[in-house]
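# Residue-level structural notes
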Amino acid sequence: MIKNHTDSVPLPPKNADVLTTCCDYCVVACGYKIYRWPVGQKGGIKAKDNALGIDLPVGLDQGGWVSPNMHNIIKHEGKPHHVIVAPDHEIEVVNKGGNHSIRGGAIAQKCFNVEKPTRDRLQYPQIRVNGKLERISWDDAFTIFAETSQYVIKKYGTHSWAQKMFSYQYFENTYALTKFAFRNIGTIAFAFHDNPSNAPSTPGFRDVGIDNFSASYEDWYLADTLVISGTDPFETKTILWNEWIMKAIAEHRQKVIFINPRKTTGVAFAEENGGLHLQLNPGTDTILQMALARIILENGWQDSEWIKKYTNNKWETDSGFGQGTRNTDWQWRTTWGQFQTKGFEDYKKWILSQKESELNYAAEVCGVDAEDIEWAAEMMAKPNPDGSRPKTSFGVEKGNYWSNNYTNTSSFASLGILCGAGNRPGQMISRFGGHQRGGMKGGKYPVTESPEKFGGRRRKPLDLDRWVQAGKVRFAYVVGTTWTAAMCGSGELAEVFRNHITRNPNQLESTNVQHVLEVFKKRVDSGGMVMVDQDIYLRNNIGTEIADIILPAATWGECDFTRANGERRIRLYSKFYDPPGETKPDWWIVAGIARRMGFSGYDWQDSNDVFEEAGRFGRGGILNYQPLVKLAKKQGKRGHELLREFGTTGIQGPIRMQGGKLVGTKRLHDSTLKLPETGPEKETVWRQWLTKFKTHTGKANFMKSPWYLFGDFYDHIKPRDGEIWILNGRINEIWQSCFDDVERRDFIKNRFPENFIEIHPKDAEKLGVESGDYVSVASDRVPVQISGFYGRDIDDLLFKNLLKDGHIKFVSAKVKAVAMVMDVPKEGTSFMYFLNPENPANVLTPRVPDPISGNYRFKLGVGKIKKIGESPYKHSFQQMTFKSRAII
């Protein structure tokens, strides 16, 4: 039996295996070292006697300290081994000196161990028979998947076959899965885990000419003023805050402007140190950003010299837009006329003409003091007494772009370039990021086949949730995502899946392959659906209740994988223990399915084979690592082997060959980057956006952000008749759908045994609610768009017209939560964790996408809060705490 030590930490002996990896959780991807050695051996406290290379004990403020949560016992080559997964205390990038978050510091507990809560990992393929899961072989699973898919595609077409998958889970896996979906199946019924369609998260950035992840972490440190919209990095990417932003505040008095409706720890710290919190009403970011731009323009604080050099004028704008047929989303948006400007003067004229940009109007709608808006504009753009300009960087995340997707992102990026940001050290515009960047597409999404269209007859990526709702999907392949809980209006979406799958009369009574195939064919012919769910745990309710087939996936630590972080830093995540049971990595599973369906090109022997093939197809992207693959072959090595030599430092993409050596790219659009006059060396791709903006001319575009495109929806959805805003998102202690922490780590489970709802004290007083009370959070007007795949013009896609034309229905939803009364949310708003498995806040969010981008407004739930009793935590100190999160 595997034994575990919970009251002490064994030390790795000098001969322990030492490998490198990164944290598996947030986008920062801190660097870690793995120490592995057989059970029965141990090291000593002196540096000469342990693999850590340090004398112990050490102080808590010194690198190299190892906690019990960093230790586990795993199987390696079938035998029990100790393993320590600890931050690399010698690292000079990312988590410099070995810092870590509460999540990463316990990542060793993620490893499978039969004596720990991870014992319930999926370990073999299963199929649901008479409502219960029964074990089957991989061979049978492949046969059933392949033959059912072929039947569906032949009879109902490729677009009746759908794939919903993670976008982040390592290059090897995402490449293999998208190769299968796009190059072989050719389906348009596809979406990543966080979108209803194959759409960019920040389309306004794209139109301005800015890549999502253009900045380096150093840029956040170098800024004099840092604008943070829609997130608190301390809560969601802790080490980015602790090692880069908080140190900038301490070391060169950086001023941080937070724009969001909650006052959390990072916000409180920034305010205490000369920063500012614009605690706006949810969804009003566009108006606030327009008002800030207007103040800057009226005072002449814009960076005129930079604007003249780096942004498009009228003629340059026209040269890049409107040339012939424009069948892509960004080209459609920018040629339509509502968003495109004729350069700075036209943008200025437009901003000054808009009612929404007027200071007093904006202050009223946004719920922010006019004086604070003026102060923020000064901090961003007002020249110093000596005439120099403040270096201002602009970082954004989901609280901003998942409320009003298009105009929030276009107005935010335009505000940034007005201040001269976007292409130089300490003056960048970028996402901070949520999850890590493991996407590597193996094919092109066939948008020209999509039945969904913008107004004006331009095709756009298909809304997969609406496609399912319309009964168009007969087979669904779901990989690594809780589809039925994670999307907007998720309660209604889960009911749609139940109607198509579990409530269909054609249900399995045996694992016999022929019986399974006959039943599945009858089901799809009756209008039903077959679902395959591939994951590491059974997730509620997609795995526990709905999916027909469950495929067990290997994960972090169980295979050599590669991925990038939020500054495009590419590193190897080493395999260091045996995957449990019959689990296999996702690339292996999809390769087996593809071969069974008769597709070629899937004869990979290991993950390195996939990595090297994917490199050829990523050459033009921001994560291009093909020069590394080519250099490895030249040196007689494999790609993974050479990347392993870069350790926890890795190398930033896109990778270039320069002087015969591999060179990383610190930031994109970098006007200070000097490339060799001799041109790119062999295997190196120089895209224009390395040193210029991502537009036709290489200059940035000022974009309009007309409020009316969102305003009719906002007027309908905002709280009324006793409702308040029900916001949702991540918190520091919990990652994603709680699968590693709340469900499997006692110290987190005790802190958050149930979902919670933060309520402002004034709202709580009106509701008669105290901290520790159980409350119901309910709405009978959650809007769901059930049809309406195209419009003749943009007005057809506005909410009021979708409603008039019968494309919207309203559903009811309710969740239970424990009240936490604190002055963290703005009065009139509340906050819940978004993906609690039992009570997900997403059931209350509107399933009506942005008409311009096709993305959801995840952050705009509303509902009524009602006390329904007292929780056991109200009068006990054993679980939960009701102290404010705004603690510094």
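Keep in mind the model is a prediction, meaning the values are calculated, not measured.

### Topic: the domain arrangement of the chain
Each domain of the chain was delimited in the assignment, giving domain 1 (2-111), domain 2 (126-187 + 441-552), domain 3 (203-431), domain 4 (621-686) and domain 5 (712-870). Spacing between the C-alpha centres of domain 1 and domain 3 amounts to 40 Å. Taken residue by residue, the interface counts 11 residues in domain 1 and 10 residues in domain 3. Counting each side, the surface lost to burial between domain 1 and domain 3 is near 910 Å², with a carbon and sulfur contribution of 61%. Where domain 1 packs against domain 3, one counts zero salt bridges. The interface formed by domain 1 and domain 3 includes four residue pairs in polar contact (both at pLDDT 80 or more). Classifying every residue of the side of domain 1 that touches domain 3 by side-chain character gives five nonpolar, four polar and two charged.

### Some words on the side chain of Arg498
Its place among the elements puts Arg498 in helix α19 (residues 490-500). At 2.6 Å, the side chain of Arg498 forms a polar contact with the side chain of Glu495. In this structure, Arg498 is in contact with Arg503, Asn504, Asn541, Glu545 and Ile546, ignoring residues within four places of it in sequence.

### Observations regarding the environment of Ala377
Within the element layout of this structure, Ala377 appears in helix α14 (residues 370-381). The sequence separation of Ala377 and Arg294 amounts to 83 residues, and the corresponding C-alpha distance is 9.1 Å. Once residues within four sequence positions are removed from consideration, Ala377 is found in contact with Leu292, Ile295, Ile296, Trp301 and Lys382.

### A few points about the confidence of the model for the chain
Per-residue pLDDT for the chain averages 94, and the proportion of residues at 70 or more is 97%. The model gives residues 1-5 a pLDDT under 50, and that stretch makes 16 contacts with residues more than four places away or in other chains. Considering only residues more than four positions removed or in separate chains, one finds that residues 322-327, a stretch of pLDDT under 50, has 12 contacts.

### So, the pairing of strand β23 (residues 756-759)
The alternating pattern of β23 places Phe756 and Glu758 and Ile757 and Ile759 on opposite faces, both of which are buried. Pairing of β23 with strand β25 (residues 808-821) involves four bridges; the strand directions are parallel. Residue pairing across strands places Ile759 opposite Val821, the latter belonging to β25. Pairing geometry for β23 and strand β26 (residues 829-833), over three bridges, is antiparallel.

### Here we look at the pattern of salt bridges
Applying the stated criterion across every chain yields a total of 51 salt bridges. Across the salt bridge formed by Lys699 and Glu316, the nearest N and O atoms sit 2.8 Å from each other. With a gap of 383 residues between them, Lys699 in the loop between β21 (661-663) and α26 (708-717) and Glu316 in helix α10 (residues 314-320) connect regions that are remote in the sequence. Relative accessible area serves as the criterion here: at 21%, Lys699 is assigned to the partly exposed category. Among the ionic contacts, a cluster of salt bridges with common partners joins Glu218, Asp219, Lys666, Arg667 and Asp670.

### Some remarks on the nonpolar core
Judged by nonpolar contacts, the single largest core of 242 residues is most densely connected at Phe180, Met380, Tyr477 and Trp483. Discounting chain neighbours no more than four positions away, the residues touching Trp483 are Lys164, Leu464, Asp465, Val468, Ala476, Val478, Leu493, Phe497 and Ile542. Counting residues in each nonpolar core, the second largest holds 20 residues, with Ala764, Val784, Val811 and Val843 among its members.

### Overview of helix α1 (residues 138-156)
Across its 19 residues, α1 extends 26 Å between first and last C-alpha, which sits within 8% of the 27 Å expected from 1.5 Å per residue. Regarding α1, the residues found buried are Trp138, Ala141, Phe142, Thr143, Ile144, Phe145, Ala146, Thr148, Ser149 and Val152.

Conventions we followed
Residues numbered from 1 in each chain as written. Predicted model: local features only at pLDDT ≥ 70, side-chain atom pairs only at ≥ 80, totals over all residues. Heavy atoms only, no water. Domains from an automatic or database assignment. Contact = heavy atoms within 4.5 Å. Buried area = accessible area lost by both parts, 1.4 Å probe. Salt bridge = Lys/Arg side-chain N within 4 Å of Asp/Glu carboxyl O. Polar contact = N/O pair within 3.5 Å; in protein donor to acceptor, adjacent residues only side chain to side chain. Nonpolar A, V, L, I, M, F, W, Y, C, P; charged D, E, K, R; others polar. Helix = DSSP H or I, 4+ residues; strand = E, 2+ residues; numbered from the N terminus. pLDDT = per-residue confidence, 0-100. Buried < 20%, exposed > 50% of the residue type's maximum accessible area, 1.4 Å probe, protein only. Pairing = 2+ DSSP bridges. Core = buried A, V, L, I, M, F, W, Y, C linked by side-chain atoms within 4.5 Å. Expected span 1.5 Å × (residues − 1).

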